[in-house]
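Understanding the architecture of this molecule
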Amino acid sequence: AQKITQTQPGMFVQEKEAVTLDCTYDTSDQSYGLFWYKQPSSGEMIFLIYQGSYDEQNATEGRYSLNFQKARKSANLVISASQLGDSAMYFCAMNGNQAGTALIFGKGTTLSVSS
Amino acid sequence: KAGVTQTPRYLIKTRGQQVTLSCSPISGHRSVSWYQQTPGQGLQFLFEYFSETQRNKGNFPGRFSGRQFSNSRSEMNVSTLELGDSALYLCASSLERGGPTDTQYFGPGTRLTVL
C-alpha cells in the first residue's frame, strides 16, 4: 500500500529564513505523483507544487521547491524567504496506480513563522 | 477562473439525521473527489466521480454516498449521522480522471458538526 510519512509535527522559523519540510513516501508503483498542499486555519487546501516520478528536475514554483530524491523516496518541500503568511499546516500527498485517483496524505506539519 | 465552491460552509446536525453537501468544480473539470478530514484520522479519501459515475471509493460505510450531475457538480450524502461523522469535508476537482499528473484543486470545505 502507498504511504506518506511526515515526521515533523511542528516547525518554527523566522521571517526571511528558508525552511525544509520533510516527506518520505512508500509505493511499489513506477508512475506516481507527489504533491504539497498548504492548509491555513480557514481550512481550504491550497495546491503548492507537483513532482512526477519521471521528472528528472526538481519542481519549483516561486518560493517553493521540491527536493525530490527518488532513490531515498523523499520529496521535501523547501520554502525560501519565509513570510508570516506561510504559517499554516502543510501536507505531502501522493497518488499512483495503487490508489487510483485518490490522494494519500501524510499527517501534516504545522509551520509557524515569527517576525 | 472561479475555484471549487462548496455549500454550505458550516452545518450542525443531530445524530440520526442525514445531510447533503454540495460541490461545484472548477469550470471544465470533469472529476470530483471527496475527502474527510478529522483530527484523529487525518485526511481520508471518500470517493471520486467522473462523468456521473463513481470510479473510485475509499473505505467508508454505505451511509456515505454521492453523485455527480451532467454539469460535473457533485453532492455527497451522509445518512444516519453519528458523532464520529463530525469533520471537515473537502471536495476537490481535477481536469481529467487519470494518472499521476492529475492535480486536484480543493474547495474551502464544509465543516459538519454532529451533536
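Everything quoted here is computed from the prediction, not taken from an experiment. Per chain, the residues get numbers from 1 upward, laid out in the order the sequence is written. Chain labels run from A onward and ligand labels from 1 onward, assigned in the order the entries are written. Local features in this predicted model are restricted to residues whose pLDDT is 70 or higher, and side-chain atom pairs enter the listing and the counts only when it is 80 or higher, whereas totals over whole chains, interfaces and linings include all residues. As a convention, hydrogens and water are excluded, and side-chain values are obtained from all of the structure's heavy atoms.

Points about the pattern of salt bridges
All names here are of chain B. So the rule is basically this: By definition here, a salt bridge exists when the distance from a side-chain nitrogen of Lys or Arg to a carboxyl oxygen of Asp or Glu is within 4 Å. To qualify as a helix, a DSSP run of H or I must reach at least 4 residues; to qualify as a strand, a run of E must reach at least 2; elements of each kind are numbered from the N terminus.
The tally for this structure, following the rule as stated, stands at six salt bridges over all chains. Among the ionic pairs, E82 bridges to R63, the shortest N-O distance being 3.6 Å. With a gap of 19 residues between them, E82 in the loop between β8 (74–78) and β9 (87–94) and R63 in the loop between β6 (53–57) and β7 (64–68) connect regions that are remote in the sequence. When salt bridges with common partners are traced through the structure, they connect R63, E82 and D85 into a single cluster.

So, the interface of chain A and chain B
Note the cut-off: Two residues qualify as a contact provided that any one of their heavy atoms is within 4.5 Å of a heavy atom in the partner residue. Two parts placed together each lose some accessible area under a 1.4 Å probe, and adding up what both lose gives the buried area. Polar contacts, as used here, are pairs of N or O atoms within 3.5 Å; protein pairs need one atom able to donate a hydrogen and one able to accept it. Residues neighboring in sequence count only if both atoms are side-chain atoms.
In this assembly, 20 residues from chain A lie in contact with 21 residues from chain B. Counting each side, the surface lost to burial between chain A and chain B is near 1,700 Å², with a carbon and sulfur contribution of 54%. Per-residue buried area on chain A facing chain B is highest for M45, T101 and F105 of chain A; these three make up 31% of the total on that side. Applying the counting criterion to the chain A and chain B interface returns zero salt bridges. There are three residue pairs in polar contact (both at pLDDT 80 or more) connecting chain A and chain B. Looking at the side of chain A that touches chain B, the elements with two or more residues in it are β5 (32–39), β6 (46–52), β10 (88–96) and β11 (100–105) of chain A.

Concerning the packing of aromatic side chains
Worth spelling out the cut-off: Stacked, edge-to-face and tilted are the three classes for Phe, Tyr and Trp ring pairs, Trp counted by its six-membered ring, which pair at centre distances within 6.5 Å; planes under 30 degrees apart are stacked, over 60 edge-to-face, the rest tilted. Type-normalised accessible area, obtained with a 1.4 Å probe on protein chains alone, sets the label of each residue: buried when under 20%, exposed when over 50%, and partly exposed for intermediate values. Charges are assigned to positions over rings by a cutoff of 6 Å between ring centre and Lys NZ or Arg CZ, combined with an angular limit of 35 degrees from the ring normal.
Inspection of every chain in the model, using the stated rule, returns 15 aromatic pairs over all chains. Here the aromatic rings of F35 of chain A and Y50 of chain A are separated by 5.1 Å at their centres, their planes lie at 45°, and the arrangement is tilted. You can see F35 of chain A sitting in strand β5 and its partner Y50 of chain A sitting in strand β6, a full 15 residues away along the chain. Pairing F105 of chain A with Y35 of chain B gives two aromatic rings, centres 5.7 Å apart and planes at 90°, and the pair type is edge-to-face. Taken together, the residues span two chains, with F105 of chain A in strand β11 and Y35 of chain B in strand β4 (residues 31–38). With respect to class, F105 of chain A is no different from Y35 of chain B; both count as buried. Taken together, the aromatic side chains of F35, Y37, F47, Y50, F91 and F105 of chain A together with Y35, F45, Y105 and F106 of chain B make up a single cluster linked through ring pairs. For R63 of chain A, the ring lying beneath its charged end belongs to Y64 of chain A, and the centroid distance is 5.6 Å.

Here we look at the state of the cysteines
Basically, it comes down to this: Disulfides are defined as cysteine sulfur pairs within 2.5 Å.
One pass over the full model with this rule turns up two disulfides over all chains. Covalently, C23 of chain A is tied to C92 of chain A through a disulfide, its sulfur atoms 2.0 Å apart. Looking along the S-S bond of the C23 of chain A-C92 of chain A disulfide, the torsion reads about -60°, which is the left-handed sense. Of this pair, C23 of chain A sits in the loop between β3 (19–21) and β4 (24–26) while C92 of chain A is found in strand β10, placing the two residues 69 residues apart along the sequence. A disulfide bridge connects C23 of chain B with C91 of chain B, and the sulfur atoms are separated by 1.7 Å. One disulfide, between C23 of chain B and C91 of chain B, carries an S-S torsion of -55° and so falls in the left-handed class. With C23 of chain B in strand β3 (residues 19–24) and C91 of chain B in strand β9, the pair connects residues that are 68 residues apart, well separated along the chain. Overall, the relative accessible area of 0% leaves C91 of chain B in the buried class.

Some points on the side chain of T38 of chain B
All names here are of chain B. Summarising the element assignment, T38 is placed in strand β4. Overall, the relative accessible area of 12% leaves T38 in the buried class. In terms of polar contacts, T38 uses its side chain to reach the backbone amide nitrogen of Q41, at 3.1 Å. Beyond its immediate sequence surroundings of up to four residues, T38 is in contact with S86 and A87.

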